[in-house]
Amino acid sequence: MTWRLFAIGKPKLGFAREGIEEYAKRLRPMADVAIEYLKPAGGEEESAALLRRSEGMYRVALDEQGEQCTSRELADRVGRWEQERVKSIALLIGGADGHSGELRRRADWLWSLGRLTFQHELAAVLVMEQVYRAYSIKAGLPYHREGARDK
C-alpha cells in the first residue's frame, strides 16, 4: 500500500518538519510513503488542489467533523484496507481554513484526531506517527505498549 500525505504549505516549524520526516522514515520499511506540500491559496482553492492531487486514491481527510478512533482501531482499519486491496491512501491536511464541503463529501473517510484543534503542521506529525503506530501494532512491534501500565 502506498501512503501519500498531501498538506497545504511547507512546515515552517523545524521540529514539525523533522517529526514528519522521522515518522515517514520509520514507516518506509513497512509501506511506501511520500509527502507533498501544496501551495497555500485560500480555502476553496486549497481543497480543489487537494482533490486534484488525490484523484484515484482512497481519500482520508483530516477534519474536526470526522470520526475519532483509537490507535488499535486505526490499525484494524489499515488491515481492512489491505484486505480490500486499496492501493493508495491520500492523507489530506488542509490549511488554516480547513476543508471545503466538496472535499468532505468526496473523501472516503473523515478522520478526526480529537476534539482539539491542531495547527496543520502539528496535525501532519500526529498523522504520520499514528500511521506508523498502526503498522507497528499490526507487526506486533513493542512501539505501541497498550496496557503496559496495567502489568
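Residues numbered from 1 in each chain as written. Predicted model: local features only at pLDDT ≥ 70, side-chain atom pairs only at ≥ 80, totals over all residues. Heavy atoms only, no water.

A. Geometry of the side chain of Ser112. Note that Ser112 resides in the loop between β5 (109-111) and α5 (120-139). A polar side-chain atom of Ser112 sits 3.0 Å from the main-chain carbonyl oxygen of Gly114. Contacts of Ser112, omitting those with residues within four sequence positions, involve Asp63, Glu64, Gly66, Glu67 and Gln68. (Helix = DSSP H or I, 4+ residues; strand = E, 2+ residues; numbered from the N terminus. Polar contact = N/O pair within 3.5 Å; in protein donor to acceptor, adjacent residues only side chain to side chain. Contact = heavy atoms within 4.5 Å.)

B. Local environment of the sheet that holds strand β4 (residues 88-93). With respect to topology, 5 strands assemble into an open sheet ordered β2-β1-β4-β3-β5, the strand pairing being parallel. What marks the edges here is a single partner per strand, and that holds for β2 (32-38) and β5. In this sheet, adjacent strand axes meet at a mean angle of 30° when their direction is disregarded. Here strand β3 (residues 58-67) pairs with β5 via 4 bridges, running parallel. Within β5, the position partnered with Ala61 by the bridge is Leu110. In this fold helix α1 (residues 14-27) packs onto β1 (2-8) and β2, with an angle of close to 155° to the strand it touches most, β2. The strands touched by helix α3 (residues 71-83) are β1, β3, β4 and β5; relative to β5, the strand with the most contacts, the crossing angle is about 160°. (Pairing = 2+ DSSP bridges. Axes fitted to C-alpha atoms, helices over the stretch in contact; angles between N-to-C directions.)

C. Geometry of the pattern of salt bridges. Taken as a whole and assessed by the stated rule, the structure comprises 12 salt bridges. Note that Arg104 and Asp63 form a salt bridge whose closest N and O atoms lie 2.9 Å from each other. Here the residue Arg104 occupies a position in helix α4 (residues 101-106), and Asp63 occupies one in strand β3, the gap between them amounting to 41 residues. Among the ionic contacts, a cluster of salt bridges with common partners joins Glu55, Arg59, Glu102, Arg105 and Arg106. (Salt bridge = Lys/Arg side-chain N within 4 Å of Asp/Glu carboxyl O.)

D. Geometry of the layout of surface pockets. Counted as a void, the largest pocket has a volume near 430 Å³. Taken together, 21 residues line the largest pocket, and the ones lying closest to its centre are Leu62, Asp63, Glu64, Thr117 and Phe118. For the lining of the largest pocket, the element with the most residues is β3, which contributes 3 residues. Along the lines of polarity and charge, the residues of the lining of the largest pocket split into 8 nonpolar, 9 polar and 4 charged. (1 Å grid on protein atoms, 1.4 Å probe; cavity = no way out; pocket = protein on both sides within 12 Å on 5 of 7 lines; lining within 4 Å. Points joined across faces, edges and corners; volume = space filled by probe spheres on them. Nonpolar A, V, L, I, M, F, W, Y, C, P; charged D, E, K, R; others polar.)

E. Representation of unusual backbone geometry in the model. Positive phi is not limited to glycine here, since Arg85 has a value of about 60°. Within the secondary structure layout, Arg85 lies in the loop between α3 and β4. Residue classification places Arg85 among the exposed residues on the basis of a relative accessible area of 64%. (Buried < 20%, exposed > 50% of the residue type's maximum accessible area, 1.4 Å probe, protein only.)

F. Region of interest: the packing of α3 against α5. For the pair α3 and α5, the least separation of the axes is 8 Å and the interaxial angle reads 75°. With respect to α5, the element α3 is oriented roughly perpendicular. Counting all contacts with α3, which are made through Ser71, Arg72, Leu74, Ala75, Val78, Gly79 and Glu82, the residues of α5 involved are Gln130, Val131, Arg133, Ala134, Tyr135, Ile137 and Lys138. A per-class count over the contact of α3 with α5 returns 7 nonpolar, 3 polar and 4 charged. (Parallel < 35°, antiparallel > 145°, perpendicular 65-115°, else oblique.)

Everything listed here is a matter of coordinates, which is why it stays silent on function.
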